[in-house]
Amino acid sequence: MLSIVAYLKAEAKLSVEQACHLACVSRRTYYYWLAKGDDCDVDRRKLNTKANNPERKPPPWALPEEAVQQIKDLLCSPEYVDLSIEQIYYKELAKGKKYCSLRTMQRIAAQMRSSDGGHQHRQRQSRKKPQGYVATRPCSVLCWDITYLGTYTGRHLYLYTVIDLFSRYILGHQVFEKQTATNAYAFLKGVLDKHQIKHTGAVLHSDNGSQMKAQGVKKLLESYGVKESHSRPSVSDDNAFMESFYHTLKTAQGLGKHVFKDGDIDTANRVVSKLIAEYHNRCHSGIGFVTPEARFQGKDREMIDAFNQADTAYAEANPERFRNHPRRAALRKVAPAPVLNPSVDRECLEVGRDKTSQSK
């Protein structure tokens, strides 16, 4: 290395600083080697690295391997798998546990990310799809969610909705000014009491919102004998029926174009009630193109029979249109029982089938 710097100085007429810069060595190191006087043509800076010198002892302040592994296990634990490094650090600090400094924990997480092929800083646990349920009658499997309604001030109103999976009928809806566990408790209690859903073996599915998993809501469902079901975090298709309903309500029925005054709950409730009444009389593709109201009231068979009679009458009145197709399409049937979160590897539980239907 000394000979390279000397060559650059002599032949290229460079200063010591310029020659050291081209040789990728600091000027201080160059003068140290020059004062030492021994053979320093070999770059000794790389010889003391851990890769080139595996037997090099770690510094006394380094964390032992057991402590590093303990921190890695902590970052991968199910309790902390969805939290940031800072949140994990201070949650453990609040418990009186300190494993290392925050910067050291962040560095260990970065090493895990680089060794994991550039993925997230901690190894996320695989989450299984939630238990599937088959709705065989009204009010057996329910889904609920909260969506935003726009206001002129840029704030939001919040629409709470419960849908019956069997019929896609809206069992209850209400607009609130805020998202709170108190509002969720009052709303769900009103819906369960209105439809007498108490100790009937019903299932209520929702996402992982703080209102859905509040202690008051959990105790309410336990007292009413309603089983809880929750989506996986950040997975929207686990609650696809609610997402589909909100999309229909906001796009096809125009709720998304309405802008309300800030805090005008009464107007918002009137608009939503009107649109949902129209929705109940829309032919729904998911239930055989009968209306949610007809299926909820058990009149879907009448609509299916009317469809079949109209098809048959048209075919008999217009035989020339079926010369090349003597066999008409099969008769329409009542839509099968819908399935919440169907899964291949997990059996779906039937909810709402009584003993008489089971014996048949």
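Residues numbered from 1 in each chain as written. Predicted model: local features only at pLDDT ≥ 70, side-chain atom pairs only at ≥ 80, totals over all residues. Heavy atoms only, no water.

Quick look at the packing of aromatic side chains now. By the definition in use, this model includes 10 aromatic pairs. Ring plane angle 90° and centroid distance 5.2 Å describe the contact between Y89 and Y90, whose orientation is recorded as edge-to-face. Ring pairs connect the aromatic residues W144, Y160, F176 and F187, which therefore count as one cluster. Looking at K198, its charged tip hangs above the ring of Y224, at a distance of 5.0 Å from the centre. (Phe/Tyr/Trp six-rings, centres within 6.5 Å; stacked < 30°, edge-to-face > 60°. Lys NZ or Arg CZ within 6 Å of the ring centre and 35° of its normal.)

Another point: helix α7 (residues 181-194). End to end, α7 covers 20 Å across 14 residues, agreeing with the expected 20 Å (1.5 Å per residue, within 8%). Three or more residues of α7 are buried, namely N183, A184, F187, L188, V191 and L192. For α7, the arc enclosing every buried residue in end-on projection is 155°, short of the 170-degree limit, so these residues lie on one face. Just downstream of α7, Q196 is the residue with a positive phi angle, here 55°. (Helix = DSSP H or I, 4+ residues; strand = E, 2+ residues; numbered from the N terminus. Expected span 1.5 Å × (residues − 1). Buried < 20%, exposed > 50% of the residue type's maximum accessible area, 1.4 Å probe, protein only. Arc of directions from axis to C-beta.)

It should be kept in mind that the predicted coordinates are not to be read in detail where pLDDT is low. When pLDDT is averaged across the chain, the result is 84; 85% of the residues are at 70 or more. pLDDT under 50 marks residues 117-123. Its contacts with residues more than four places away, or in other chains, come to 21 contacts. Low pLDDT (under 50) marks residues 355-360, which in the prediction has 1 contact with non-local residues, meaning those over four places away or in another chain. (pLDDT = per-residue confidence, 0-100. Contact = heavy atoms within 4.5 Å.)

Attention shifts here to the sheet that holds strand β7 (residues 339-340). Sheet architecture is open: 3 strands sit in the order β7-β1-β8, paired in mixed fashion. The sheet terminates laterally at β7 and β8 (349-351), the two strands that pair on one side only. Both strand β1 (residues 133-135) and β7 contribute to a ladder of 2 bridges, which runs antiparallel. Looking at β7, one finds that Y133 is bridged to L340. (Pairing = 2+ DSSP bridges.)

Now for the nonpolar core. Counting 29 residues, the largest nonpolar core has L149, L159, V175, F245 and L255 as its most contacted members. In terms of residues, this core owes the most to one element, helix α10 (residues 265-280), which gives 7 residues. Residues V162, F187, I197 and L221 belong to the second largest nonpolar core, which totals 25 residues. (Core = buried A, V, L, I, M, F, W, Y, C linked by side-chain atoms within 4.5 Å.)

This part covers the sheet that holds strand β3 (residues 156-164). One open sheet accounts for 5 strands, arranged β4-β3-β2-β5-β6; its pairing is mixed. At either end of the open sheet lies a strand with only one pairing partner, and these are β4 (170-176) and β6 (227-230). Direction aside, neighbouring strands of the sheet carry axes that sit 20° apart on average. Running at roughly 160° to β4, α10 makes contact with β2 (141-150), β3 and β4 of the sheet. (Axes fitted to C-alpha atoms, helices over the stretch in contact; angles between N-to-C directions.)

On to the pattern of salt bridges, then. Taken as a whole, this structure holds 9 salt bridges when the rule is applied. The shortest N-O distance in the salt bridge between E79 and K95 comes to 3.4 Å. In this pair, E79 sits in the loop between α4 (65-75) and α5 (85-94) while K95 sits in the loop between α5 and α6 (102-115), placing the two residues 16 residues apart along the sequence. For K95, a relative accessible area of 46% translates into the label partly exposed. Put simply, D193 and K189 hold a salt bridge, and the shortest N to O gap is 3.1 Å. One end of the pair, D193, and the other, K189, are both in helix α7, 4 residues apart, so they sit about a helical turn from each other. Under the relative-accessibility criterion, D193 is labelled partly exposed at 37%. Judged by relative accessible area, K189 falls into the partly exposed class, the value being 31%. One salt-bridge network, in which partners are shared between bridges, spans E79, E92 and K95. (Salt bridge = Lys/Arg side-chain N within 4 Å of Asp/Glu carboxyl O.)

This paragraph deals with the packing of helix α1 (residues 2-11) against helix α3 (residues 27-36). Look at α1 against α3: their axes get within 10 Å of each other, and the N-to-C directions meet at 110°. Classified by the interaxial angle, the pair formed by α1 and α3 is roughly perpendicular. Between α1 and α3, the contacting residues are L2, V5 and K9 on the first element and Y30, W33 and L34 on the second. Taken together, the residues of the contact of α1 with α3 break down into 5 nonpolar, no polar and 1 charged. (Parallel < 35°, antiparallel > 145°, perpendicular 65-115°, else oblique. Nonpolar A, V, L, I, M, F, W, Y, C, P; charged D, E, K, R; others polar.)

Below, the discussion takes up helix α8 (residues 215-223). Among all positions of α8, only V217, L220 and L221 are buried. In a view along the axis of α8, the buried residues occupy a sector of 95°, so they form one face of it. The exposed residues of α8 that point more than 90 degrees off its buried face are Q215, K219 and E222. Residues of α8 that are buried sit in contact with α7, β5 (203-206) and β6. Taken from the residues just after α8, G225 is the one with a positive phi, measuring 70°.

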